[in-house]
Amino acid sequence: MKLKSLIAGLLAGATLGIIAAQAADLAIVSGDTGNGLAFLRSQLDRFEADTGNKVTIVPMPSSTTDQFGQYKLWLAAGNADIDVYQTDVIWAPQLADQFVDLAAAAKDVVADHFPSIVESQTVNGKLVALPAFTDAPALYYRKDLLEKYGKSVPKTWPELAATAKEIQDAERAAGKADIQGFVFQGNAYEGLTCDALEWVKSYGGGQIIEADGSISINNPQAVAALEQAKSWIGTISPEGVLSYQEEESRGVWQLGNAVFMRNWPYAYQLGNGDDSAVKGLFDVAPLPAGEGEGARSAATLGGWNIAVSKYSKNQDEAVKLALFLASKDVQKERALKQSNLPTIVSLYDDADIAANQPIIPRWKDVFLNAVPRPSAPAKVKYNEVSSLFWSAVHDTLSGNGTAAENLEVLEAKLTELKGDAW
Amino acid sequence: MASEAVASAPSGVGSKKIESELMKSRVAAAMWFLLPMLAALAIVAGWPLLRTIYFSFTDTSLQNLYGGKFVGFKNYFGWTTLKSGRTLFSGLLVDPSWWNAVWNTVRFAVVSVALETVAGLIVALVLNAEFRGRGIVRAAILIPWAIPTIVSAKMWAWMLNDQFGMINDILLNLGLISTKIAWAASADTAMTAVLIVDVWKTTPFMALLILAGLQMVPRDVYEAARIDGVHPIKVFFKVTLPLIRPALMVAVIFRLLDAMRIFDLIYVLTPNSSATKTMSVISRENLFDFDKFAYGSAQSTLLFLIIAVMTALYIWIGKVRFDGGDR
């Protein structure tokens, strides 16, 4: 009797095991912010219902720098626990060897995406990751406050500084002691590289390292850009901005305590949520331009992609998941629910998106003029380039040396890092 | 008599022999008991340490852990002479960011351990006195030490936050400051913020170790001092302090070792700036964030050497004994 039940139990266990082997258990990492994780879960539930696979989300810190360090470690150790990675647009050249080539699996859909994004994820002919959404920041401004003080949306950074100062001082005098003029991402991490690259580019100061690999950062326009940013600290921006990442600046903004904010599109949807103090009170515009020769509005190209680990034990199912998350269907949901920018060109003309997220069609132009970070020319040394750059900027902003001094040292360090070639 | 001597002599020799044999077998048994621990230490501490030291002499990268080539001391010190005749030095020993991190670490370790020792001593003296509810207070004071560092660092990061933080709010309402201070963000106050949190967190540990020392002090010494009418402050410096010195020295060295390799608190609490980067933070950055695994290994090796030398110096100068005796 006992033996029989034991055998029955073993058989049942074995059958379960076979079923589980057919329907894979997948794990995906995500460092999404806001309610991004809940959205991802809702999409994964659809995938689970369609395919019978089970997908677990492994949440990660939202700082892309922190994520990268962890992923690199896992991948170097050949970790098979994570099947699918959400990768930043800049990582492809550094992690190309560790991911599966998706070119064959995605050959039917790849033409739907913006060619420049697909290009950024292609390393030596290998499609390292599929684009899930793209990102380009904008200037968030308080419609109500600009109207109250009869101001227009600033077109240049000095204009922004003047407007922000005036409104901030007047609002503080009127009893709103916590109001700040402008918040952005000033912590010493990848986000500061994005913010500062926009300042430098908008002043016509190049993009740190040009596409041909030459180091261009030490120039008078770049110095002017950083000096301008330095002048904000303690006047229109709180000193604490030097430790802000995206979520900290959104926190100040969404409590109604900032006139202007530089942030990615995800903050649009959240800012219009029911718990937001600025619901319906704000709008977005392209980031201001600098002054002087070559000045223009510049937005750093961001965006996230889906890659499959080559150490995954269920590569076929994992590739299916990657294709699903990059599909037109999910990208449309993402645009509607998360205000993330699609990478599929045709979605910018989609009627539902135009009706529910009117900012997205408007973003097409911002995005088409976006500046890439120098991850392609700097290759595996990009992270160190970025770290040297953000350190120089962070030092400048916190008053540790002038912009001219810090950029001169930066140029020397980059030259040494470059050696004979990147 | 002779027979007695003869009879007693072999028995004496025999008992000695038995004793040494007993000793031998005891030592052998002890070795067997120690073996698992030694093996575990060799696997989890010895082998990684040797491997890190080995990596520091190669050009290993994280992508290719087994393909590194031996490059000698290049990661530590090297030079190239340019065509113009100018010599460029490279390597860890001439890297200003490394020495900045060393300075940050040493400064942090010395200041934090000094503050924690004084605070811990005061807390221990209080807890050593007899009062109602002493057991509960002793348990309660350990709470900061029991909270994981990441959690307490995040908690303090919110309390010290410039916009939403309650510490700024309290100070502002009390009129002690006129504008909100960005404690963790500003380069001037970041190290202070780290020190505040670290002292808050590790004072209980210090207090506990010192309290254990205080309980060993015999009561009659105090009675004698009281009968002689010695002033309490003099009693503390002439009686209590010398008697708890061994426990104090051991507690300080534990904390010093801990403080020299501080990582998590600084990593979570402050922006990644040169004002607070310590040796552990900078070597992790090179090991994993940058494509400089070998260079990071060299930093880890030097970190190990610096701590080893400091510990040796401390034990030698302080004449520390770990068996609880004094000198």
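Everything numeric here is computed off the predicted structure, so don't read it as measured data.

Cut-offs used in this document
Residues numbered from 1 in each chain as written. Chains lettered and ligands numbered in written order. Predicted model: local features only at pLDDT ≥ 70, side-chain atom pairs only at ≥ 80, totals over all residues. Helix = DSSP H or I, 4+ residues; strand = E, 2+ residues; numbered from the N terminus. Rg over C-alpha atoms; globule rule 2.2 N^0.38 Å. Buried ≥ 20, exposed ≤ 12 C-beta atoms within 10 Å, placed from the backbone. Contact = placed C-beta atoms within 7 Å. Expected span 1.5 Å × (residues − 1). Arc of directions from axis to C-beta. Nonpolar A, V, L, I, M, F, W, Y, C, P; charged D, E, K, R; others polar. Pairing = 2+ DSSP bridges. Domains from an automatic or database assignment. Core = buried A, V, L, I, M, F, W, Y, C linked by C-beta atoms within 7 Å. Axes fitted to C-alpha atoms, helices over the stretch in contact; angles between N-to-C directions. Parallel < 35°, antiparallel > 145°, perpendicular 65-115°, else oblique. Left-handed = near helix turned anticlockwise from the far one by under 90°. pLDDT = per-residue confidence, 0-100.

So, about the overall build of chain A. The helix and strand inventory of chain A stands at 18 helices and 11 strands. Scaling as 2.2 N^0.38, a compact globule of 422 residues should have a C-alpha radius of gyration of about 22 Å, and chain A matches this with 23 Å. Referenced to the eigenvectors of the C-alpha coordinate spread, the extents of chain A come out at roughly 85 × 55 × 40 Å. Residues counted as buried form 53% of the 422 residues belonging to chain A. Counting contacts in chain A only where the partners sit at least 6 residues apart, residues at least 24 apart contribute 72% of the total.

Residues and elements named next belong to chain A. Taking 1.5 Å per residue as the helical rise, helix 2 (residues 36-51) with its 16 residues ought to reach 22 Å, and the 22 Å between its terminal C-alpha atoms agrees with that figure. The set of residues buried in helix 2 consists of Gly36, Leu40, Leu44 and Phe47. With its buried residues spanning 60° around the axis, helix 2 presents them on a single face. Facing away from the buried side of helix 2, by more than 90 degrees, are the exposed residues Ala38, Ser42, Asp45 and Ala49. On its buried face, helix 2 sits against strand 1 (25-30), strand 2 (54-59), helix 12 (315-325) and helix 13 (328-338). Two residues or fewer after helix 2 comes Gly52, characterised by a positive phi angle close to 80°.

This part is about the interface of chain B and chain A. Listed by partner, the interface residues are 21 residues for chain B and 28 residues for chain A. In terms of residue class, the side of chain B that touches chain A is made up of 10 nonpolar, seven polar and four charged.

Bringing the pairing of strand 1 (residues 78-81) of chain B into the picture now. All names here are of chain B. Where strand 1 lies against strand 2 (residues 87-90), four bridges are found, and the strand directions are antiparallel. Bridge pairing in strand 2 places Gly78 opposite Ser90. Here strand 1 folds back onto strand 2, and the loop between the two strands holds five residues, one of which, Gly85, carries a positive phi near 95°.

Our focus in this paragraph is the environment of Leu75(A). Residues and elements named next belong to chain A. Note that Leu75 resides in helix 3 (residues 64-76). As a C-alpha pair, Leu75 and Asn35 span 40 residues in sequence and 27 Å in three-dimensional space. Leu75 has contacts with Leu95, Gln98 and Ser309, leaving out every residue within four places of it along the chain.

Turning our attention to the domain arrangement of chain A. Residue and element names in this part refer to chain A. Taken as a whole, chain A is organised into domain 1 (2-135 + 302-368) and domain 2 (138-300 + 374-418). Each of domain 1 and domain 2 has a C-alpha centre, and the two are 30 Å apart. Taken together, the contact between domain 1 and domain 2 spans 19 residues of the former and 23 residues of the latter. Those elements giving two or more residues to the side of domain 1 that touches domain 2 turn out to be helix 3, helix 4 (92-95) and helix 15 (359-368).

The biggest cluster of nonpolar side chains holds 162 residues, and the ones touching the most others in it are Tyr140(A), Phe182(A), Phe260(A), Ala322(A) and Ile210(B). With 10 residues, helix 7 (residues 190-216) of chain B is the single largest residue contributor to this core. Shared between two domains, this core takes at least three residues from each, and those domains are domain 1 (2-135 + 302-368) and domain 2 (138-300 + 374-418) of chain A. Non-local contacts of Tyr140(A), meaning those with residues more than four positions away in its chain, are made with Trp253(A), Phe260(A), Met261(A), Asn263(A), Ala267(A), Phe282(A) and Val284(A). Counting 14 residues, the second-largest nonpolar core is a separate cluster that includes Leu62(B), Leu92(B), Met279(B) and Tyr295(B).

A few words on the sheet that holds strand 9 (residues 258-263) of chain A. Residues and elements named next belong to chain A. Ordered in space as 8-9-7-10, the four strands form an open sheet in which the pairing is mixed. Every interior strand has two partners, whereas the edge strands, strand 8 (180-183) and strand 10 (282-285), have only one. Each strand of the sheet is rotated relative to its neighbour by a mean of 15°, with strand direction disregarded. Taken together, the four bridges between strand 7 (residues 138-142) and strand 9 define a ladder with antiparallel strand orientation. Each bridged residue has a counterpart across the sheet, and for Tyr140 the counterpart in strand 9 is Met261.

All names here are of chain A. In the contact formed by helix 9 (residues 220-232) and helix 18 (residues 403-418), the axes pass within 9 Å of each other and the chain directions differ by 130°. On the basis of the axis angle, helix 9 is oblique to helix 18. Where helix 9 crosses over helix 18, the handedness of that crossing is right-handed. Residues Ala222, Val223, Leu226, Glu227 and Lys230 of helix 9 form the contact with helix 18, whose own contacting residues are Ala403, Ala404 and Leu407. Here the contact of helix 9 with helix 18 is composed, by residue class, of six nonpolar, no polar and two charged.

Moving on, we come to the confidence of the model for chain B. Residues and elements named next belong to chain B. Across chain B, the average pLDDT comes to 86, with 92% of residues at 70 or higher. Below a pLDDT of 50 lies the segment residues 1-12, which in the model reaches zero contacts outside its immediate sequence neighbourhood of four places, other chains included. Under the prediction, the complex receives an ipTM of 0.72, its pTM being 0.79.

Residues and elements named next belong to chain A. Of all nine residues in helix 10 (residues 246-254), seven are buried; the element is thus mostly enclosed. Next to the buried residues of helix 10 lie strand 7, strand 8, helix 8 (190-202), strand 9 and helix 11 (266-271). One or two residues past the end of helix 10 sits Gly256, with phi positive at roughly 80°.

All names here are of chain A. One non-glycine residue with positive phi stands out, namely Ile208, at about 70°. Checked against the element boundaries, Ile208 lands in the loop between helix 8 and helix 9. Within the chain, Ser339 stands out as a residue other than glycine whose phi angle is a positive 50°. Position of Ser339 among the secondary structure elements: in the loop between helix 13 and helix 14 (351-356). Using a count of 25 C-beta atoms within 10 Å as the deciding quantity, one classes Ser339 as buried.

Let's shift gears to the packing of helix 2 of chain A against helix 13 of chain A. Residue and element names in this part refer to chain A. Interaxial distance between helix 2 and helix 13 falls to 11 Å at its minimum, and their mutual angle equals 145°. Seen along the crossing, helix 2 lies across helix 13 with a hand that is right-handed. On helix 13, the residues touching Gly36, Phe39 and Gln43 of helix 2 are Val330, Glu333, Arg334, Lys337 and Gln338. Taken together, the residues of the contact of helix 2 with helix 13 sort by class into two nonpolar, three polar and three charged.

All names here are of chain A. Relative to the elements of secondary structure, Ala392 occurs in helix 17 (residues 382-397). Owing to 25 C-beta atoms within 10 Å, Ala392 belongs among the buried residues under this scheme. Taking the C-alpha atoms as reference points, Ala392 and Glu408, 16 residues apart in sequence, are found 9.6 Å from one another. Filtering out sequence-adjacent residues up to four positions away, Ala392 remains in contact with Asn406, Leu407, Val409 and Leu410.

In this section: the environment of Val308(A). All names here are of chain A. Counting through the fold element by element, Val308 comes out in strand 11 (residues 302-308). In the structure, Val308 is positioned 175 residues away from Phe133 in sequence and 16 Å away in space, judged by C-alpha atoms. Once residues lying within four places of it in the same chain are set aside, the contact partners of Val308 are Asp83, Val84, Phe99, Val100, Leu102, Gln315, Ala318, Val319 and Ala322.

Residue and element names in this part refer to chain A. Burial of strand 7 is extensive: five of the five residues sit out of reach of the surface. Of the strand pairs in this sheet, strand 7 and strand 10 are connected by four bridges, and their pairing is antiparallel. Within strand 10, the position partnered with Tyr140 by the bridge is Val284.

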